[in-house]
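Observations on the three-dimensional arrangement
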Amino acid sequence: MSEPGPGSRPGASPGREPLGAPERPAPGGPFPGRHFIAGEWIESGSGRSFESRNPANRGDLVGQFQAGTPADVAMAIRAAETALPAWRATPAPRRGEILFGYASLLRRDKERLARALTREMGKVLPEARGDVQEAIDIAELMAGEGRRMFGDTVPSELPDKWAMSIRQPIGVAGIITPWNFPMAIPAWKTMPALVAGNTVVFKPASDTPHCATLLVELMAEAGVPAGVVNLVTGGGAEVGDAIVDSPDVPVLSFTGSSATGRRIAERAGRRLKRVALELGGKNAIVVLADADLDLAVDGIIWSAFGTTGQRCTACSRVVVERSVSSRLLEKLEARTRALRLGDGADPATDVGPLINEAARTKVEGYVEIGRREGELVCGGRAATGPGLEAGVFYEPTIFTGVEPMARIAQEEIFGPVLSVIAVEDYASAMTAVNQVRYGLSSSIYTTDVNTAFRAMRDLETGLVYVNAGTIGAETHLPFGGWKETGNGHREAGHAALDTFTEWKSIYVDFSGRLQRAQIDNQPG
Ligand code: NAP
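Computed from a predicted model, the values in this text were never measured in an experiment. (Residues numbered from 1 in each chain as written. Predicted model: local features only at pLDDT ≥ 70, side-chain atom pairs only at ≥ 80, totals over all residues. Heavy atoms only, no water.)

With that settled, consider a nonpolar patch on the surface. The grouping of Val-449, Phe-453, Met-456, Val-464 and Val-466 at the surface amounts to a nonpolar patch, some 420 Å² of accessible area in total. Elements that contribute at least two residues to the nonpolar patch include exactly α14 (449–458) and β20 (463–466). It is α14 that contributes the most residues to the nonpolar patch, three residues altogether. Tracing the backbone shows Met-456 in helix α14. (Patch = residues over 30% accessible without salt bridge, like charges linked within 9 Å, V, L, I, M, F, W, Y side chains within 5 Å. Areas by Shrake-Rupley, 256 points an atom, 1.4 Å probe, with all protein chains shown as cover. Salt bridge = Lys/Arg side-chain N within 4 Å of Asp/Glu carboxyl O. Helix = DSSP H or I, 4+ residues; strand = E, 2+ residues; numbered from the N terminus.)

Below, the discussion takes up the domain arrangement of the chain. One can read the domain layout of the chain as domain 1 (29–279 + 490–503) and domain 2 (283–466). With centres defined by C-alpha atoms, the gap from domain 1 to domain 2 works out at 31 Å. In this complex, domain 1 contributes 20 residues to the contact, which on the side of domain 2 involves 25 residues. Here domain 1 and domain 2 share an interface that buries about 1,800 Å² over both sides, 56% of which is from carbon and sulfur atoms. Applying the counting rule to domain 1 against domain 2 returns two salt bridges. Across the pair Arg-58 and Glu-357 runs a salt bridge whose closest N-O atoms are separated by 3.1 Å. (Domains from an automatic or database assignment. Contact = heavy atoms within 4.5 Å. Buried area = accessible area lost by both parts, 1.4 Å probe.)

A word on the sheet that holds strand β16 (residues 397–400). Taken in spatial order, the seven strands make up an open sheet running β15-β16-β17-β14-β13-β19-β20, and their pairing is mixed. Lying at the two open borders of the sheet, with one neighbouring strand each, are β15 (375–378) and β20. Taking each pair of neighbouring strands and ignoring which way they run, the sheet shows an average axis angle of 20 degrees. Here strand β13 (residues 283–287) pairs with strand β19 (residues 441–445) via four bridges, running parallel. (Pairing = 2+ DSSP bridges. Axes fitted to C-alpha atoms, helices over the stretch in contact; angles between N-to-C directions.)

Right, let's get into the site of the ligand. Inspection of the region around the ligand gives 31 residues, with Ser-206, Ser-257, Thr-260, Arg-263 and Glu-412 positioned closest. Between the ligand and Lys-203 there is a distance of 3.0 Å, counted from an oxygen atom to a side-chain nitrogen or oxygen. One of the side-chain nitrogen or oxygen atoms of Ser-206 is found 2.6 Å away from an oxygen atom of the ligand. Protein contact buries 86% of the 910 Å² of open area that the ligand shows by itself. Looking at the shell around the ligand, the elements with two or more residues in it are α7 (236–245), β11 (251–255) and α8 (258–270). Looking at the shell around the ligand residue by residue, the class counts come to 13 nonpolar, 13 polar and five charged. Summarising the domain contributions, the shell around the ligand has at least three residues from each of domain 1 (29–279 + 490–503) and domain 2 (283–466). (Near = heavy atom within 4 Å. Polar contact = N/O pair within 3.5 Å; in protein donor to acceptor, adjacent residues only side chain to side chain. Nonpolar A, V, L, I, M, F, W, Y, C, P; charged D, E, K, R; others polar.)

A few words on the nonpolar core. Among the nonpolar cores identified, the biggest contains 98 residues, and Tyr-102, Met-142, Met-191 and Val-319 are the most heavily contacted of them. Broken down by element, this core gets its largest block of residues, ten residues, from helix α4 (residues 125–145). Composition of this core by domain shows at least three residues from each of domain 1 (29–279 + 490–503) and domain 2 (283–466). Not counting chain neighbours up to four residues away, the residues in contact with Val-319 comprise Ala-284, Ile-285, Val-286, Val-287, Ile-421, Val-423, Ala-429, Ala-432 and Val-433. (Core = buried A, V, L, I, M, F, W, Y, C linked by side-chain atoms within 4.5 Å. Buried < 20%, exposed > 50% of the residue type's maximum accessible area, 1.4 Å probe, protein only.)

Encoded structure:
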């Protein structure tokens, strides 16, 4: 770890004077984004900034944010290292109290945060409130961990000897997040990192820096000490790589695409860092012949087109028993055609925009592939019309007659595109669901309890739902995926602490003599 120079104030550097909290812009006006380093809001050494715009209306400039550099990251890491000894020495229950305070600030400002989230990321307001609520939930859960953080106390095999294990913080945690849950995911990572006694350098997605700034502002207000959480905005190649490559950041928590995750794992692997990865998904809903079809349609519409299909747990495949596939499809098509696209802030809107033009181009590319691989049922084009001209909208799209190994049934599209795959029976449904590289979420609709339990056993995903869609995880159970969705770590629940703590096993021998484990307790 690099040492701060005598008397130096982390975060300060010539020509980069702290600017105070970002000024509140005129309502609706662009926000002047800054890094947050060592408790100060500062500009990047790059002198450059980037824009964040409302995806429902590209003319609406949310704010200008700092285009960070490796030098900015180095400053943030140094601030986090400087703050570490005092923070790790703070009793965990006290750290938890600060997180409780943070949760209550999030609750106080929930509506303001949700509206800012909808404006920057596009999801409809009720979902934006849910995103903020997840941040509140994880803050409260992890605050409680401050008074638990269980280890094991076990009997020793030798007399007059005590054996126990405790969790300890790792150090500076690098946290890199995507845009699709711009408040929940940063909270899912920072809250366990902080309660465990780590300090943080946080790089949010470049599409949602304002949401990140609002979260960090409230952390400061809650009393998180200066330097404990540092925010650096900017691109993956400049800011992200600098965090990943730093020898002074021993633990990384990343959520994003499998391509970026693989790259991060390779680079971090060279330094033997701990890396927790939450990556892509290709989630399926199975509908068996005995299912309540109306209930299944509710779950499919919510899972496939909620958040415009931009959830890691979004349903992009329906695997249906052939005997009910036409009836299901008829209901699905009717419901899908009735969905209203628009600005997520409008209460009449069911489906908001895609995050940006690149996302729409990607969706368009997959729809072209889909036209060759299946039969288009509805959608299949960029949405236009009154109120949609200035945003990045795409019609909710369904393909039917899709084979399980087709590209649109195998690759993550991350948009409102659903493939319907007909199968003969339960066994072929399981094969179709499991025959993908990803393993995040799956669901089955059936009224047969025996089949439901078989599916709970057979589905190869980290999350399984019975008679509910593929989305809707709660913060007190582990969250994460099998196969290429991750690398075995879990967020949420008490499992989240595993990413951010080292185990220490401690033996205390109070016999006053040499006792040899595995030897002195054996006969002969
Ligand atoms: P992404 O392009 O991989 O970006 C994720 C984050 O990584 C962003 O902050 C990005 O910064 C940063 N990044 C990009 N290149 C980097 C590099 N070389 N080094 C370090 N960081 C780098 O993913 P996304 O498009 O934002 O998110 C969508 C993906 O996330 C989907 O695949 C989705 O399934 C996945 N996701 C998974 C989960 C889960 O829990 N499994 C949850 C949500 C989303 P910039 O924004 O500056 O490029």
